[in-house]
Amino acid sequence: MKKNQLEIACFNYESAIIAQENGADRIELCENMKLGGTTPNSILVVKVRESLSIKMHVIIRPRGGDFVYSDEELTEMKQDIKQYKKLGVDGFVFGILKDSGNINKRQNRELVHLAHPLPCTFHRAFDVVKDVEKSLEDIIDCGFKTILTSGQAINVEEGILALERIQDLAKNRIEIMPGGGLRSSNIKLLQERLDLTFYHSSAITNNSEIANPEEIKELRNFL
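Now for a description of the structure that goes with this document.

Definitions and cut-offs
- Residues numbered from 1 in each chain as written.
- Predicted model: local features only at pLDDT ≥ 70, side-chain atom pairs only at ≥ 80, totals over all residues.
- Heavy atoms only, no water.
- Phe/Tyr/Trp six-rings, centres within 6.5 Å; stacked < 30°, edge-to-face > 60°.
- Helix = DSSP H or I, 4+ residues; strand = E, 2+ residues; numbered from the N terminus.
- Lys NZ or Arg CZ within 6 Å of the ring centre and 35° of its normal.
- Core = buried A, V, L, I, M, F, W, Y, C linked by side-chain atoms within 4.5 Å.
- Buried < 20%, exposed > 50% of the residue type's maximum accessible area, 1.4 Å probe, protein only.
- Axes fitted to C-alpha atoms, helices over the stretch in contact; angles between N-to-C directions.
- Left-handed = near helix turned anticlockwise from the far one by under 90°.
- Contact = heavy atoms within 4.5 Å.
- Nonpolar A, V, L, I, M, F, W, Y, C, P; charged D, E, K, R; others polar.

## Some thoughts on the packing of aromatic side chains
Summed over the entire model, instances satisfying the criterion amount to two aromatic pairs. A centroid spacing of 5.2 Å and a plane angle of 80 degrees characterise the contact between Phe 122 and Phe 144, whose relative ring orientation is edge-to-face. Taken together, the positions of Phe 122 in strand β5 (residues 120–122) and Phe 144 in the loop between α5 (132–142) and β6 (146–149) put the pair 22 residues apart, joining distant regions of the chain. One aromatic cluster is present, formed by Phe 94, Phe 122 and Phe 144 through successive ring pairs. The aromatic ring of Phe 198 is capped on one face by Arg 26, whose charged end is 3.9 Å from the ring centroid. The residue whose ring lies beneath Lys 47 is Tyr 13, and the NZ or CZ to ring-centre distance is 4.2 Å.

Structural data, given as structure tokens:
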């Protein structure tokens, strides 16, 4: 039987420590919550890595906004992956699209290849793709291990039907990890409807950017 696991999106050092102390299995480290999460600076990465014993994935996203990147931005993303591999992170989180809303297979493949042997998660850029079925196949073909998605909805609760369809289409070839408004108040719904291993939440329950330790404990209680 698969062990259910919890990933906490952390936008600062404090949240990373709270996540570990309250039972998270892994963190996704990023900065700039208001932009939806961007690449954390190297000082933060080093500080968090030195303080955590749980797994730590790092988002590689040079800016907020869309997920279409220039060659210059792609070069920046490559440099970040090279640098952070040396710092002992456990995986990377990114996603690149074309102007058409399809997956940019060339650019994604280059980053997945560079990250190897570390696993890569295709992040919520998936929630704005034009063709879910084709995009799913392209992401699998690029070598990603996980897709982070709300089911193309404002949150996982509203996206539950799409999440069911995506998981059915995936046929266990790639991990589908729900994220986006996932909280202890709705995680039971996901567990009832989906066959998942990893759950993703920021566990932020107020207007701060700090994870709530009690919320993490509550999420953990359901797993």
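Following the structure, the description resumes.
## Some details on the nonpolar core
In this structure, Ile 8, Ile 27, Leu 29, Phe 92, Phe 94, Phe 122 and Phe 144 are the most contacted members of the largest nonpolar core, which totals 62 residues. With six residues, the next largest nonpolar core counts Phe 11, Cys 30, Val 93 and Ile 204 among its residues.

## Some remarks on the packing of helix α4 (residues 105–115) against α5
Put simply, α4 and α5 touch, their axes get as near as 9 Å, and they point 35 degrees apart. In terms of crossing hand, the pair formed by α4 and α5 is right-handed. Contacts between α4 and α5 pair Lys 105, Asn 108, Arg 109 and Val 112 from the former with Asp 138, Asp 141 and Cys 142 from the latter. Among the residues forming the contact of α4 with α5, the class breakdown is two nonpolar, one polar and four charged.

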